[in-house]
Amino acid sequence: MNDFTVIIPARYAASRLPGKLLRDLAKKPVVLHAIERGLESGAHRVVVATDDARIAQAVEGSGAQTVMTRMDHQSGTDRIAEAVERLGLAEGEIVVNVQGDEPDMPAALIRQMADALAERAETSICTACTPISEAESVNDPNVVKVVRDMNDFALYFSRAPIAYDRDGLGRFAYRRHLGIYAYRARYLTEFSAAPVCSLEETEKLEQLRALHRGDRIYCPDAIAAPGIGIDTEADLERARRHWKS
């Protein structure tokens, strides 16, 4: 079993649903569910990296540590990089990025990411994907697609339907990228220092900065798929119905 730290980037001013991490879900703020999943994973430490005192206050007594970070980060990974510096983590320590708006992220998947990275010294990032079975998801820009090589390393991520089915034969198995990442602390420092590239700016996908740098991203199929992520009011209502049932 590999030791690792879970860090949850927790920005208050989300563009589509500001304050969503503090919204109520099953009688507790959304972010507390993410913390519980991190604690269940076996991580030796769970940290919330936030830019807002209201989130820090909500986290008190949850079993997670809080690190206050700047408000101007380009991505959650950049926020985690600042937290790693403030925590003084060892260069080789594995950090798993669990999104604060993923209240139903399986603990087994968090552990899978940490173990997969520990087993691959040449890998910069580990993330995960699942097959897409619904045609509407393939064309949905909110569903990020990934194309992999024969060894399950990512070739590209996109909001567009990749690969393009030119002949309409339906033979390609589309895969949805899941927003969970594992990295080593030293890599986070390198990533955060790298400039944002045009691919990242265009697609609004931070992992494209890593591919642009030539970094290797291992992307296996998830052993357990997360539930409903909270991006919009409609997502929150769906999650509430799910948890209630």
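As the structure is a computational prediction, the values presented were derived from the model and not from experiment.

Caption draft 1: Seen up close, helix H9 (residues 233-244). When the terminal C-alpha atoms of H9 are compared, their 17 Å separation across twelve residues agrees well with the 16 Å that a helix rising 1.5 Å per residue should span. Within H9, the full set of buried residues consists of Asp235, Leu236 and Ala239. Projected down its long axis, H9 shows its buried positions confined to an angular sector of 100°, all on one face. In H9, the exposed residues that point more than 90 degrees away from the buried face are Arg241 and Lys244.

Caption draft 2: Representation of the pattern of salt bridges within the structure. All told, the structure shown has 24 salt bridges when counted by the stated rule. Residues Lys20 and Asp231 are paired through a salt bridge, measuring 3.4 Å at the closest nitrogen-oxygen approach. In this pair, Lys20 sits in the loop between strand E1 (5-10) and strand E2 (24-25) while Asp231 sits in the loop between strand E11 (217-218) and H9, placing the two residues 211 residues apart along the sequence. On the accessibility criterion, Lys20 (11% relative accessible area) is buried. Between Asp167 and Arg166 there is a salt bridge, and its shortest N-O distance comes to 3.2 Å.

Caption draft 3: View of the packing of aromatic side chains. Across all of its chains, the model carries four aromatic pairs by this definition. Ring geometry for Phe153 against Tyr218: centres 5.3 Å apart, planes inclined by 55°, an arrangement best described as tilted. Linking Phe153 in the loop between strand E8 (145-148) and strand E9 (154-158) with Tyr218 in strand E11, this pair joins segments that are 65 residues apart in sequence. Note on accessibility: Phe153 and Tyr218 belong to one class, buried. On the basis of an interplanar angle of 15° and a centroid distance of 6.1 Å, the ring pair of Tyr181 and Tyr183 is categorised as stacked. Grouping residues by exposure puts Tyr181 and Tyr183 together as buried. Lying over the aromatic face of Tyr12, Arg54 brings its terminal NZ or CZ to 3.8 Å of the ring centre.

Caption draft 4: Highlighting the nonpolar core. Ranked by internal contacts, the top residues of the largest apolar core, which has 40 residues, are Val6, Ile8, Val96 and Ile180. At six residues, helix H4 (residues 107-118) tops the list of elements feeding residues into this core. Those residues within four positions of Val6 in sequence are excluded, and the remaining contacts are Gly38, Ser41, Ala43, Arg45, Val46, Val47, Val96, Val98 and Ile110. Residues Tyr181, Leu205, Leu208 and Leu211 belong to the second largest nonpolar core, which totals 29 residues.

Caption draft 5: Structural detail: unusual backbone geometry. In this model, Ile162 is joined to Ala163 through a cis peptide bond whose omega is -5°. Following the sequence through the fold, Ala163 ends up in the loop between E9 and strand E10 (175-184). For Ala26, which is not glycine, the phi dihedral falls at a positive 55°. Mapped onto the elements, Ala26 comes out in the loop between E2 and strand E3 (28-29). The backbone phi angle of Lys27 is positive, close to 70°, even though this residue is not glycine. Position of Lys27 relative to the elements: it lies in the loop between E2 and E3. For Lys27, a relative accessible area of 82% gives the class exposed.

Caption draft 6: Focus on the pairing of strand E7 (residues 125-131). With six of seven residues buried, E7 is to be regarded as a mostly interior element. Pairing of E7 with E11 involves two bridges; the strand directions are parallel. Residue Ile125 lies in a different strand from E11, and its bridge partner there is Ile217.

Caption draft 7: Summary view of the packing of helix H3 (residues 76-87) against helix H6 (residues 185-193). With their axes 9 Å apart at the nearest point, H3 and H6 run at an angle of 125° to one another. Our classification of the angle between H3 and H6 gives oblique. Helix-helix and strand crossings are classified by hand; for H3 and H6 the assignment is left-handed. The residues of H6 that touch H3, namely those facing Thr77, Asp78, Ile80, Ala81 and Val84, are Ala185, Leu188, Phe191 and Ser192.

Caption draft 8: Expanded view of the side chain of His73. Within the element layout of this structure, His73 appears in the loop between strand E5 (65-68) and H3. Side-chain polar atoms of His73 contact the side chain of Glu82, separated by 2.6 Å. With residues up to four places along the chain from it excluded, the contact list for His73 reads Asp78, Arg79 and Glu82.

The rules behind the values
- Residues numbered from 1 in each chain as written.
- Predicted model: local features only at pLDDT ≥ 70, side-chain atom pairs only at ≥ 80, totals over all residues.
- Heavy atoms only, no water.
- Helix = DSSP H or I, 4+ residues; strand = E, 2+ residues; numbered from the N terminus.
- Expected span 1.5 Å × (residues − 1).
- Buried < 20%, exposed > 50% of the residue type's maximum accessible area, 1.4 Å probe, protein only.
- Arc of directions from axis to C-beta.
- Salt bridge = Lys/Arg side-chain N within 4 Å of Asp/Glu carboxyl O.
- Phe/Tyr/Trp six-rings, centres within 6.5 Å; stacked < 30°, edge-to-face > 60°.
- Lys NZ or Arg CZ within 6 Å of the ring centre and 35° of its normal.
- Core = buried A, V, L, I, M, F, W, Y, C linked by side-chain atoms within 4.5 Å.
- Contact = heavy atoms within 4.5 Å.
- Pairing = 2+ DSSP bridges.
- Axes fitted to C-alpha atoms, helices over the stretch in contact; angles between N-to-C directions.
- Parallel < 35°, antiparallel > 145°, perpendicular 65-115°, else oblique.
- Left-handed = near helix turned anticlockwise from the far one by under 90°.
- Polar contact = N/O pair within 3.5 Å; in protein donor to acceptor, adjacent residues only side chain to side chain.

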